[in-house]
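Residue-level listing of the chains:
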Amino acid sequence: MIEGYQKKSSKLPRMSSKNRVAKKNSLTKSKRMASNKLEKEYESHQDAFNRQESLKPLLPIKTKTGQLISRQSDFVQVHKSEDVLPEPKINHEINDTTSAICTAIGFADMLQKREEIIERQKFLIGVTCTSIQENPETKIEKLAILMDLVSDKLQNGEKNALVIRKLALISIAELFKDIIPEYKLGILDASVHKMKKTTITRVNFENKLLKHFQCYLVYCESISKSLLKTTKKIVPSEECQLAEISVNCMCNLLVAHPYFNYSINIVQILAALLNSDSLSVRMCVYNCFVTIFKKDNRFDISLHIVRSINRIVKRNGLNVHPETISCLKCLPIIGTDIDSEAAREKKLKTLETHKSRIINLSKKERKRKKKLMQLENELFETRADENKMLLTKKKSDLVKLVFTILFRVLKVTPVSKLLSAALETLSRFAHAINIDFFSDLVEILNSLLNSKKLGYREELHCIQAVFAILKGQGEIMNIDPVRFYSHLYKNLLTIHAGNNQEDFPAILSTLDSVLLNRRKDITYQRYLAFLKRIAMLTLQLLHFGSLGCLGVIKSAMALNGTLDVILDTETITGSGNYNPELDEPDYSCANCSNLYELSALHRHYHPCVRRLSTNIANGTPSTGPGSLPVDLAKMSAIELYNNFDSSKMVFSPSIPCPNISV
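Cut-offs applied
Residues numbered from 1 in each chain as written. Predicted model: local features only at pLDDT ≥ 70, side-chain atom pairs only at ≥ 80, totals over all residues. Heavy atoms only, no water. 1 Å grid on protein atoms, 1.4 Å probe; cavity = no way out; pocket = protein on both sides within 12 Å on 5 of 7 lines; lining within 4 Å. Points joined across faces, edges and corners; volume = space filled by probe spheres on them. Nonpolar A, V, L, I, M, F, W, Y, C, P; charged D, E, K, R; others polar. Salt bridge = Lys/Arg side-chain N within 4 Å of Asp/Glu carboxyl O. Phe/Tyr/Trp six-rings, centres within 6.5 Å; stacked < 30°, edge-to-face > 60°. Helix = DSSP H or I, 4+ residues; strand = E, 2+ residues; numbered from the N terminus. Buried < 20%, exposed > 50% of the residue type's maximum accessible area, 1.4 Å probe, protein only. Lys NZ or Arg CZ within 6 Å of the ring centre and 35° of its normal. Expected span 1.5 Å × (residues − 1). Contact = heavy atoms within 4.5 Å. Axes fitted to C-alpha atoms, helices over the stretch in contact; angles between N-to-C directions. Parallel < 35°, antiparallel > 145°, perpendicular 65-115°, else oblique. Left-handed = near helix turned anticlockwise from the far one by under 90°. Disulfide = S-S within 2.5 Å. Polar contact = N/O pair within 3.5 Å; in protein donor to acceptor, adjacent residues only side chain to side chain. pLDDT = per-residue confidence, 0-100.

So, the layout of surface pockets
Now for step 1: In this structure, the largest pocket spans a volume of roughly 790 Å³.
Now for step 2: Ser 427, Arg 428, Gln 464, Pro 505 and Ser 509 are the residues nearest the centre of the largest pocket, which is lined by 25 residues in total.
Now for step 3: The class makeup of the residues in the lining of the largest pocket is eight nonpolar, eight polar and nine charged.

Here is the structure:
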């Protein structure tokens, strides 16, 4: 069957190639005619529509964003009977659309041109900074190019972009940080003094560097004046942004090179900006001064900063922000007793001199050699003593200036916003106050507490300052701090896990002075009342605050074995009922209560809180059941608070990953 079909199909006539081409051309022609017919129908239909609307379609315009905008124009109809053209109809919408298109195209071109200019200027800044860093001595003049980019207008008269001005300011500051030497430069005239060629090159470089550095600081100062509190005019946002960046640049330069030229001028500018209305500017200057206080071993720049702050506080009549005072608490003079240190150095020098005389008299055969060695040692010691005496004098001047500022604040009314910062700083430097002023200062603080115009934070710092005064030389004074115990006991429960837990370190340091250092001066009932209230405080703090409270309780019970009675739930000493709302600790009957808060802390989410509460409940054993690990047992209350602080979103100890069951 298949064979028959193949034979039959082989007999069919075959079409020639000429016929196939003709057939294909006829099909193409028919399709083209059909397409032309459709186009003519569309054009006739469109012409009829346009005659009614008097419009003619044009090619659309494609914008830069890819959007197609259609266009139309007026259609002019020609009449065969009359050779008069009719008036075209004006379409205002078409004109508005055309103008909008032109505006869009022009604005896009402007943006593109602006971006090209900005990119070229960025490239210029990068190339110029790299070139100067490669060889500063020969290419220091290129700093003028960067200074031109900081200005409001370019050399061709066009307005400079804000982003370029910011980048130029920051780039110049970073460049100065790299090429400025570690020593202070002097200005010399190479044409007057005879020098070598290399020396002349170096002197010219240093003179040009100082000139450009001075111009940069003058520009930064002129911009930053808009941030001062005395300015009453409205400053544009662009100028405010530039001013904040200039302040940040000056702070970075002062921290990087505190003893370079014009550092005192920078200090005066930044000290005035501590009273700015901008919080970000105040915090920037505050962090700059704190960093300098911590790393300044010569105390020269620190002394200039404190003097500038003293002038500002005196000139503005205490109408300044708290950051002006609070930065003083970071001065490194906390553990320095100036009078005792000077006496000790004087005594040591007398003993060394006496010892050298005895040795020289007992060995006459080497008398000449010993005298020469003695002379050299005395000269060396004299130079060293001069340096120590100079350093001691600087510290003494710092302390005097700080207390001048603090006492000026304490003399004003208690409603001053600087009082809290002044009291906090006073509590840190109370050891350096002359003992003759202790009684008057304690009376001033007591009057402030009795005025009942202070907030809880001011009261806490006031109590902290009093016990800091009584901790050192104030122990020999006949002052009964009972009234301050009551104020502290009343303010303990004002701290909670909300926004004011940051004030808890002040309470911890005060409790350390009250319950541990002055434990022999506190009565038994008062001691129990404080422990009970501290245990109540653990339930309303975060875990690191609870650990600090438990650290105080553990240390107190380890130093005083009679306090274990508050752990016994079956024995009650004395009569009465515990009154937790009473503000007088001596009459609260805390001996009739127990530390039931420990049972709630056994189920705490933090493992260290559970361990510490178990240790206290078992009587603070050092070994055996309920004992603590060695590293945890050695930590004080302040160390427990700081080491387990999770304010930076870091949980200590770290939470182990859960086991994934297969």
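Section: the pattern of salt bridges
Now for step 1: Counted according to the given criterion, the structure contains 14 salt bridges.
Now for step 2: One salt-bridge network, held together by shared partners, links Glu 137, Arg 202 and Glu 206.

Remarks on the packing of aromatic side chains
Now for step 1: Enumeration according to the criterion identifies 10 aromatic pairs in this entry.
Now for step 2: Each ring, one from Phe 213 and one from Tyr 262, has its centre 6.3 Å from the other, and the planes form 35°; the classification is tilted. On the criterion of sequence distance, the pair formed by Phe 213 in helix 7 (residues 197-224) and Tyr 262 in the loop between helix 8 (237-256) and helix 9 (263-273) is long-range, its members being 49 residues apart.
Now for step 3: By relative accessible area, which is 2% here, Phe 213 ends up buried.
Now for step 4: Between Tyr 489 and Phe 530, the ring centres sit 5.5 Å apart and the planes meet at 80°, which makes this aromatic pair edge-to-face. Taken together, the residues Tyr 489 in helix 18 (residues 482-491) and Phe 530 in helix 20 (residues 524-538) connect sequence positions 41 residues apart. The same class applies to Tyr 489 as to Phe 530, namely buried.
Now for step 5: Every member of this aromatic cluster is reached through a ring pair, and the members are Phe 176, Phe 213, Tyr 216, Phe 260 and Tyr 262.
Now for step 6: Arg 298 extends its terminal NZ or CZ atom over the ring of Tyr 259, reaching a point 3.8 Å from the ring centre.

Let's talk about helix 10 (residues 279-295)
Now for step 1: Spanning 17 residues, helix 10 covers 24 Å between terminal C-alpha atoms, matching the ideal 24 Å at 1.5 Å per step.
Now for step 2: Every buried residue of helix 10 is accounted for by Val 281, Arg 282, Val 285, Tyr 286, Cys 288, Phe 289, Val 290, Ile 292 and Phe 293.
Now for step 3: Of the surrounding elements, those touching the buried residues of helix 10 are helix 8, helix 9, helix 11 (300-316) and helix 12 (323-326).

Some details on the packing of helix 18 against helix 19 (residues 504-517)
Now for step 1: At their nearest, the axes of helix 18 and helix 19 sit 12 Å apart, and the two run at 140° to each other. When the interaxial angle is binned, helix 18 and helix 19 end up oblique. Where helix 18 crosses over helix 19, the handedness of that crossing is left-handed. Facing Tyr 485, Leu 488 and Asn 491 of helix 18, the residues of helix 19 in contact are Ile 507, Thr 510, Leu 511 and Val 514.
Now for step 2: The class makeup of the residues in the contact of helix 18 with helix 19 is five nonpolar, two polar and no charged.

Describing empty space enclosed by the protein
Which parts of space are left empty comes out when a probe the size of a water molecule is rolled across the atoms.
Now for step 1: Applying the stated rule across the entire model yields one cavity of 30 Å³ or more.
Now for step 2: The space that makes up the largest cavity amounts to roughly 40 Å³.
Now for step 3: Lining of the largest cavity is provided by Ile 180, Phe 213, Leu 253, His 257, Phe 260, Asn 261, Ser 263 and Ile 266.
Now for step 4: The residue inventory of the lining of the largest cavity, partitioned by class, reads five nonpolar, three polar and no charged.

Digging into the state of the cysteines
Now for step 1: Tallied over the full model, the rule gives zero disulfides.
Now for step 2: Free cysteine Cys 251: the closest other cysteine sulfur is in Cys 284, separated by 3.8 Å.
Now for step 3: On the basis of relative accessible area, Cys 251 is assigned to the buried category, the value being 3%.
Now for step 4: Cysteine Cys 327 is unpaired, with the sulfur of Cys 330 as its nearest cysteine sulfur at 7.7 Å.
Now for step 5: Accessibility expressed as a relative area gives 0% for Cys 327, which makes it buried.

Quick notes on unusual backbone geometry
Now for step 1: Positive phi, close to 65°, is recorded for Tyr 262, a residue that is not glycine.
Now for step 2: The partly exposed category is assigned to Tyr 262, whose relative accessible area is 25%.
Now for step 3: Residue Phe 299 is not a glycine yet carries a positive backbone phi of 65°.
Now for step 4: The residue Phe 299 is located in the loop between helix 10 and helix 11 in this model.

Remarks on helix 20
Now for step 1: Here helix 20 spans 22 Å end to end across 15 residues, near enough to the 21 Å set by a 1.5 Å rise per residue.
Now for step 2: The buried count for helix 20 comes to 12 of 15 residues, which makes it a mostly enclosed element.
Now for step 3: Here helix 20 has its buried residues at Arg 526, Tyr 527, Leu 528, Ala 529, Phe 530, Leu 531, Lys 532, Arg 533, Ile 534, Ala 535, Leu 537 and Thr 538.
Now for step 4: Those residues of helix 20 hidden inside the fold are in contact with helix 18, helix 19, helix 21 (543-559) and helix 22 (597-601).
Now for step 5: Near the N-terminus of helix 20, the side chain that reaches the backbone nitrogen of Arg 526, with its oxygen 3.4 Å away, is that of Thr 523.

Observations regarding the side chain of His 543
Now for step 1: Within the fold, His 543 resides in helix 21.
Now for step 2: Overall, His 543 belongs to the buried group, its relative accessible area being 3%.
Now for step 3: At 3.0 Å, the side chain of His 543 forms a polar contact with the side chain of Tyr 605.
Now for step 4: Those residues in contact with His 543 that lie beyond four places of it in its chain are His 604, Tyr 605, His 606, Val 609, Phe 644, Ser 646 and Phe 651.

Describing the confidence of the model for the chain
Now for step 1: For the chain, the mean per-residue pLDDT works out to 77, and 71% of the residues sit at or above 70.
Now for step 2: Taking the mean pLDDT of every element in the chain, the minimum, 40, falls on helix 1 (residues 2-10) and the maximum, 93, on helix 9.
Now for step 3: Counting contacts from residues 1-15, a segment whose pLDDT is below 50, to residues more than four positions away or on other chains yields one contact.
Now for step 4: In this model residues 75-94 is a low-confidence stretch, pLDDT under 50, and it forms 15 contacts with partners more than four residues away in sequence or in other chains.

A short note on the environment of Ile 292
Now for step 1: Of note, Ile 292 is situated in helix 10.
Now for step 2: Separated by 13 residues in sequence, Ile 292 and Ile 305 have C-alpha atoms that sit 9.5 Å apart.
Now for step 3: Here Ile 292 is in contact with Leu 254, Val 255, Ile 301, Ser 302 and Ile 305, once residues within four sequence places are set aside.

Focus on the environment of Ala 144
Now for step 1: Locating Ala 144 in the fold gives a position in helix 5 (residues 143-150).
Now for step 2: A sequence separation of 71 residues divides Ala 144 from Cys 215, and the C-alpha atoms of the two residues are 10.0 Å apart.

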